[in-house]
Amino acid sequence: MRHSLPQSHQFYVTAPQPCPYLAGKIERKLFTALQGDGAARLNDVLSHQGFRRSQNVLYRPSCAGCSSCLSARIVVGDFVPNRSQRRTLTRNARLERTSSSPWATEAQFALFRRYLDARHATGGMADMDSHEFSAMIEETPVRSRVVEYHERGPRGRELVAVCLTDVLSDGVSMVYSFFDPDRAGDSLGAFIILDHIAIAREAGLPYVYLGYWVPGSPKMDYKRRYRPLQIFVDGRWTELGEADLSRIGRGGGERVAIGEQVSAIELPATK
């Protein structure tokens, strides 16, 4: 079923800046405020149209001459792990999952800093301090959870991975995840996704929303390993293997047809 954009919301675009995924491209984002009593419904409606949440805003790419960023979600009911994914689940079977209200802790921030310094030292979030980290975790007007993964060992209970997760009407949305960069052999990033498939199954929800898949970007190519994967293209969700990707990368930015107020404005760094 198609969902229309809410009539009363105003949309804006960010100032142009270099694309973090495709060399030589310029990115802009279309976004709107997420607040008030209707925040949960708005988050649902716009997530179904390829938007993502960052604190109290919803956004999606709106780039002139490029449409490579495609919102992606895993179809939980039909997902069967491949051999590599089964090994990942086995390697991390010792980890304990806990879920709590969105509240930032010192242990989370310490792990987050180690993750950024090792994996994204030059990214848009590289200079994020503890106050900004707390805002990323805690400033949410929708139903959000912090999912933590711990391991018990000689030094006690150790935090090894975290995911900020939104609960939608039809799935769970992985807003941002990070993990111990020294455990490369454990494939913790893949494990977090696989465990969120389990979380969605336990809750009876049909999808896991992964954010954007960008054809041609090595940073984002891992998302296509989780099949069946649906992408939002040409205004509808289509299974990746059935989608016509021939025009991807050449399209124009999205237009706002209703309730429009578009201006160039800065938006906090997002993944």
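Our subject is the structure listed above.
In short, a report on the structure. Residue positions within a chain follow its written sequence, with the count starting from 1. pLDDT decides what is reported in this predicted model: residues at 70 or higher carry local features, side-chain atom pairs at 80 or more are listed and counted, and totals for whole chains, interfaces and linings draw on all residues regardless. Hydrogens and waters are ignored; side-chain quantities use all the structure's heavy atoms.

## Digging into the overall build of the chain
Argument step 1. Helix and strand definitions follow DSSP, with helices as H or I runs of at least four residues and strands as E runs of at least two, each counted in order from the N terminus. Along its length, the chain carries five helices and 15 strands.
Argument step 2. Residue burial is assigned from relative accessible area. The probe radius is 1.4 Å, only protein chains are included, and a residue is buried under 20% of its type maximum, exposed over 50%, and partly exposed in between. Buried residues in the chain amount to 49% of all 271 residues.
Argument step 3. Expressed as a percentage of contacts within the chain between residues at least 6 apart in sequence, the contacts between residues at least 24 apart total 69%.
Argument step 4. The Shrake-Rupley method, run with a 1.4 Å probe sphere, supplies the accessible areas, and residue values consider only the shown protein chains as cover. If you sum the accessible surface of the chain, you get close to 13,500 Å²; carbon and sulfur atoms cover 49% of it. Throughout, a residue-residue contact means that at least one pair of heavy atoms, one from each residue, lies within 4.5 Å.

## Things to note about the packing of aromatic side chains
Argument step 1. Two rings from Phe, Tyr or Trp (for Trp, the six-membered ring) form a pair when their centres are within 6.5 Å of each other. A pair whose planes differ by under 30 degrees is stacked, one over 60 is edge-to-face, and the rest are tilted. Under the definition given, this model contains 16 aromatic pairs.
Argument step 2. Chaining the aromatic ring pairs together yields one cluster made of Phe109, Phe112, Phe133, Tyr176 and Phe178.
Argument step 3. The criterion for a charge sitting over a ring is simple: Lys NZ or Arg CZ within 6 Å of the ring centre, and within 35 degrees of the ring normal. The ring of tyrosine 207 is capped by arginine 73, whose NZ or CZ atom sits 3.6 Å from the centre of that ring.
Argument step 4. Arginine 73 extends its terminal NZ or CZ atom over the ring of tryptophan 237, reaching a point 4.1 Å from the ring centre.

## A short note on the pairing of strand β7 (residues 70-75)
Argument step 1. With six of six residues buried, β7 is to be regarded as a mostly interior element.
Argument step 2. Here β7 shows no split at all, with Leu70, Ala72 and Ile74 on one side and Ser71, Arg73 and Val75 on the other all buried.
Argument step 3. For two strands to pair, DSSP has to find at least two bridges joining them. Pairing analysis gives three bridges linking β7 to strand β13 (residues 229-233), with the strands arranged antiparallel. Bridged to isoleucine 74 within β13 is leucine 229.

## Side note on the environment of aspartate 195
Argument step 1. By the secondary structure assignment, aspartate 195 is in helix α5 (residues 188-203).
Argument step 2. Here the alpha-carbon distance between aspartate 195 and arginine 97, two residues 98 residues apart in the chain, equals 9.0 Å.

## A closer look at the sheet that holds strand β9 (residues 144-153)
Backbone-to-backbone hydrogen bonds pair the strands of a sheet. The strands run either parallel or antiparallel.
Argument step 1. The strand order β8-β9-β10-β11-β12-β7-β13-β14 describes an open sheet built from eight strands, whose pairing is mixed. Of all strands in the sheet, those bounded by a partner on one side alone are β8 (96-100) and β14 (236-239). Pairwise comparison of adjacent strand axes, ignoring direction, gives a mean angle of 35° for this sheet.
Argument step 2. Between N-to-C directions, angles span 0 to 180 degrees; the directions come from axes that are lines fitted to C-alpha atoms, helices contributing only their stretch in contact. The strands touched by helix α3 (residues 106-119) within the sheet are β9, β10 (156-167) and β11 (171-179), with β11 carrying the most contacts at an inclination of about 75°.

## Overview of the pairing of β9
Taken residue by residue, a regular strand's side chains alternate between the two faces of the sheet.
Argument step 1. Across the ten residues that make up β9, a large majority, seven, are buried.
Argument step 2. Examined bridge by bridge, β8 and β9 share five bridges and lie antiparallel to one another. Pairing of serine 100 across the sheet is with valine 146, part of β9.

## A look at the pattern of salt bridges
Argument step 1. A side-chain nitrogen of Lys or Arg and a carboxyl oxygen of Asp or Glu constitute a salt bridge if their distance falls within 4 Å. All told, the structure shown has 17 salt bridges when counted by the stated rule.
Argument step 2. Arginine 94 serves as the salt-bridge partner of aspartate 186, at 3.1 Å between the closest nitrogen and oxygen. Residue aspartate 186 is found in the loop between β11 and α5, and its partner arginine 94 is found in the loop between α2 (83-91) and β8; the two are separated by 92 residues along the sequence.
Argument step 3. Judged by its relative accessible area of 16%, aspartate 186 is buried.
Argument step 4. Between arginine 183 and aspartate 180 there is a salt bridge, and its shortest N-O distance comes to 3.3 Å.
Argument step 5. When its relative accessible area of 4% is taken as the criterion, aspartate 180 is described as buried.
Argument step 6. Each of Arg94, Arg114, Glu151, Glu158, Asp180, Asp182, Arg183 and Asp186 takes part in salt bridges that share partners, so that together they form one network.

## As for helix α1 (residues 39-47)
Argument step 1. In terms of burial, α1 is a largely internal element, seven of the nine residues being buried.
Argument step 2. Among the residues making up α1, those that are buried are Ala39, Leu42, Asn43, Asp44, Val45, Leu46 and Ser47.
Argument step 3. Buried residues along α1 sit in contact with β4 (29-33), β5 (52-54), β6 (57-61), β10, β12 (207-213) and β14.

## Quick notes on the side chain of glutamine 108
Argument step 1. Turning to its location among the elements, glutamine 108 is positioned in helix α3.
Argument step 2. Whenever two N or O atoms come within 3.5 Å, that pair is a polar contact, provided that in protein one can donate a hydrogen and the other can accept it, and provided that, for residues adjacent in sequence, both atoms are side-chain atoms. For glutamine 108, the side chain forms a polar contact with the side chain of glutamate 148, separated by 2.7 Å.
Argument step 3. Setting aside residues no more than four positions away along its own chain, glutamine 108 makes contact with Trp103, Phe133, Ile137, Val146, Glu148, Leu159, Val162 and Phe178.

## A few points about the packing of α3 against helix α4 (residues 130-138)
Argument step 1. In the contact formed by α3 and α4, the axes pass within 11 Å of each other and the chain directions differ by 105°. Our classification of the angle between α3 and α4 gives roughly perpendicular. Packed against α3, whose contacting residues are Gln108, Phe109 and Phe112, the element α4 presents Ser130, Phe133, Met136 and Ile137 at the interface.
Argument step 2. All amino acids are sorted into three groups, where Ala, Val, Leu, Ile, Met, Phe, Trp, Tyr, Cys and Pro are nonpolar, Asp, Glu, Lys and Arg are charged, and the leftover types, Gly among them, are polar. Here the residues of the contact of α3 with α4 are counted per class, giving five nonpolar, two polar and no charged. Between 65 and 115 degrees an angle is taken as roughly perpendicular, under 35 as roughly parallel, over 145 as roughly antiparallel, and anywhere else as oblique.

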